[in-house]
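Single-letter residue listing:
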Amino acid sequence: MSKKPRKTGPRVSRKSAITAAKRPAASRGDDSAERIARALEAIGSHLSAASPASGVADSFASADAFVWHPSGRLAPVANVSRVDLGLLKGIERMRDILIENTERFANGFPANNALLWGARGMGKSSLVKATHASINLNRKPADRLKLIEIHREDIESLPALMALLRTSDFHFIVFCDDLSFDGNDASYKSLKAVLEGGIEGRPDNVILYATSNRRHLLPRDMMENERSTAINPGEAVEEKVSLSDRFGLWLGFHRCSQDEYLEMVKGYCAHFGIKLAEAELEHDALEWSTTRGSRSGRVAWQFTQELAGRLGVRLRGK
């Protein structure tokens, strides 16, 4: 019995088949690598565009006031919460000194960093904001002074803010309200370096204004405690006390007298068109301050709001 002839077509080995099956995978790997490279390039471009320095200098012309965020963002403030300079009573001497210092700085002449310290509610922060508005009143857009508020808890990011402002053609007031330090807080060292101690120093186009209820920015009990436990009591607090010494201008705000308090109330009422017999106005204002336990510009403003609401008067611009 004869055998059937075998088919003589080309034979494909198992090894060749496996190799052939792997070739498309290599092609897919190349495509994946290219996609990953393109994605990384896109991410890099996005991060570069979103960097803090990108476009920030151009944005300074968009507003006169900003709030600094430690992420590197400057948020413009369209309408600053402030009172007119003429409504700040009982602080005329401090007002004149701060305006003169600020005007020199805005005109490119030497000026001092300022620490406004003293009694609560006496218009320290209001004076800074009112001074900024007064200086800008008749200035051209290119010459306008910029106000940048930095929050107390963000002081450690101050060197980054300085680096950002250093290259700008504008002049800046960097303002920190209610500045103080407690416990083992070491963030004051960033402020010291910017004020005087750093290699670069404070940029010529930047000045720092701060307000505080404490002259030395530290509570008295903390200073006394460090003196009592230190080997050298004098050196124990010298580093921290020297922080306030680096503000060239100290402006002290003290509690106002009864006459100054009534003058503040009458000034607010005249400005906002609140009409009440003088004797009744004085009686109500003094009664209000007695219930609050203090007399200050803040208490005078709070009474004015109460009186306006009672008489149905709208406070213009508020």
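All figures in this text were calculated on a predicted structure; none of them were measured in a lab.

The rules we used
Along each chain, the written sequence defines residue order, and numbers are assigned to residues from 1. Local features in a predicted model are, by the rule used here, given only for residues with pLDDT of at least 70; side-chain atom pairs are given and counted only at 80 or more, and totals for whole chains, interfaces and linings are based on all residues. Hydrogens are left out, water is left out, and the side-chain values use all remaining heavy atoms of the structure. Labels follow the DSSP assignment, with helices taken as runs of H or I lasting at least four residues and strands as runs of E lasting at least two, numbered in each case from the N terminus. Burial classification: accessible surface area is computed with a 1.4 Å probe over protein chains only, and a residue below 20% of its type maximum counts as buried, one above 50% as exposed, and the rest as partly exposed. Contacts are residue-level and defined by heavy atoms, with any inter-residue pair within 4.5 Å sufficient. What sets the accessible areas is the Shrake-Rupley method with a 1.4 Å probe; for residues, cover comes only from the shown protein chains. Convention adopted: a line fitted to C-alpha atoms gives each axis, helices being fitted over their contacting stretch, and angles between N-to-C directions are expressed from 0 to 180 degrees. For classification, angles of less than 35 degrees are called roughly parallel, those exceeding 145 degrees roughly antiparallel, those between 65 and 115 degrees roughly perpendicular, and all remaining angles oblique. Here a crossing is called left-handed whenever its near helix is offset anticlockwise from the far helix by less than a right angle, and right-handed whenever the offset is clockwise. Definitions used for this entry: grid spacing 1 Å over protein atoms alone; cavity, a set of points where a 1.4 Å probe fits but cannot get out; pocket, an open set with protein on both sides within 12 Å along at least 5 of 7 lines; lining residue, one with an atom within 4 Å of a point. Grid points are joined across faces, edges and corners, and a volume is the space filled by probe spheres set on the points. The residue classification treats Ala, Val, Leu, Ile, Met, Phe, Trp, Tyr, Cys and Pro as nonpolar and Asp, Glu, Lys and Arg as charged. All others, Gly included, are polar. Strands qualify as paired when DSSP identifies two bridges or more between them. Between rings of Phe, Tyr and Trp, where Trp is taken as its six-membered ring, a pair exists when centres lie within 6.5 Å; planes separated by under 30 degrees are stacked, by over 60 edge-to-face, and by other angles tilted. Note on geometry: a ring has a charge over it if NZ (lysine) or CZ (arginine) is within 6 Å of the ring centre and within 35 degrees of the ring normal.

1. Overview of the overall build of the chain
A count of helical and extended segments in the chain gives 11 helices and seven strands. With 318 residues in all, the chain has 39% of them scored as buried. By sequence separation, contacts in the chain at least 24 residues apart represent 76% of the contacts at least 6 residues apart. With an accessible surface of roughly 18,900 Å², the chain has 50% of that area assigned to carbon and sulfur atoms.

2. Let's talk about the packing of helix H10 (residues 278-292) against helix H11 (residues 297-311)
As a packed pair, H10 and H11 sit with axes 10 Å apart at the nearest point and diverge in direction by 125 degrees. In terms of their interaxial angle, H10 and H11 are classed as oblique. The way H10 lies across H11 gives a crossing that is right-handed. Of the residues in H11, those touching H10 at Leu 281, Asp 284, Ala 285, Trp 288, Ser 289 and Arg 292 are Val 299, Gln 302, Phe 303, Glu 306, Leu 307 and Arg 310.

3. As for the environment of Ala 300
Note on placement: Ala 300 falls in helix H11. Along the sequence, Ala 300 and Glu 263 sit 37 residues apart, while their C-alpha atoms lie 9.1 Å from each other. Apart from the residues within four sequence positions on either side, Ala 300 is in contact with Tyr 261, Met 264, Val 265 and Tyr 268.

4. Focus: empty space enclosed by the protein
By rolling a water-sized probe across the atoms, one finds the places where empty space is left. Scanning the model with the defined rule gives one cavity of 30 Å³ or more in all. Approximately 70 Å³ is the volume attributed to the largest cavity. Contributing to the lining of the largest cavity are Ile 150, Ile 155, Leu 158, Val 174, Phe 175, Cys 176, Leu 179, Leu 191, Leu 208, Tyr 209, Ala 210 and Phe 247. At the level of secondary structure, the elements contributing two or more residues to the lining of the largest cavity comprise strand E5 (172-176) and strand E6 (206-212). Residues that form the lining of the largest cavity fall into these classes: 12 nonpolar, no polar and no charged.

5. Regarding the layout of surface pockets
One number sums up the size of the largest pocket: a volume of about 520 Å³. As for the largest pocket, its lining consists of 26 residues, of which Gly 121, Gly 123, Ser 125, Ser 126 and Arg 298 are closest to the centre. Listing elements by their share of the lining of the largest pocket, those giving two or more residues are helix H4 (124-135), E6, helix H9 (258-272) and H11. Ranked by the residues each element gives to the lining of the largest pocket, the list is headed by H4, at four residues.

6. Brief notes about the pairing of E5
Counted residue by residue, E5 has five buried out of five residues, so it is predominantly covered. Burial along E5 is two-sided: Phe 172, Val 174 and Cys 176 and Ile 173 and Phe 175, pointing in opposite directions, are all buried. Inspection of the sheet shows strand E4 (residues 146-149) paired to E5 by four bridges, in the parallel sense. By the bridge assignment for E5, Ile 148 is matched with Val 174. Note: E5 against E6, five bridges, orientation parallel. Bridge pairing in E6 links Cys 176 to Ala 210.

7. Thoughts on the sheet that holds E6
Sheet architecture is open: seven strands sit in the order E2-E1-E4-E5-E6-E3-E7, paired in mixed fashion. At either end of the open sheet lies a strand with only one pairing partner, and these are strand E2 (73-76) and strand E7 (249-253). The mean inter-strand angle of the sheet, taken between neighbouring strand axes irrespective of direction, is 25 degrees. Judged from the four bridges that link them, strand E1 (residues 65-69) and E2 form a sheet pairing that is antiparallel.

8. Points about unusual backbone geometry
A positive phi angle is found at Asp 178, which is not glycine, with a value near 55 degrees. In this structure, Asp 178 sits in the loop between E5 and helix H6 (188-197).

9. Quick word on the packing of aromatic side chains
Pairs of aromatic rings are described using the distance from one ring centre to the other and the angle between the two planes. Evaluated as defined, the whole model comprises five aromatic pairs. Relative to Phe 66, the ring of Phe 60 has its centre 5.8 Å away and its plane inclined at 85 degrees; by these criteria the two rings are edge-to-face. The class for Phe 66 is buried, based on a relative accessible area of 3%. Taking the centre distance of 4.8 Å and the plane angle of 65 degrees together, the rings of Phe 60 and Phe 172 count as edge-to-face. Here Phe 172 lies in strand E5 and Phe 60 lies in the loop between helix H2 (56-59) and E1, a separation of 112 residues in the sequence. Exposure remark for Phe 60: the relative accessible area of 1% places this residue in the buried category. For Phe 172, a relative accessible area of 0% translates into the label buried. Of the aromatic side chains, those joined through ring pairs into one cluster are Phe 60, Phe 66 and Phe 172. Over the aromatic face of Phe 170 sits the side chain of Lys 146, whose NZ or CZ is 4.6 Å from the ring centroid.

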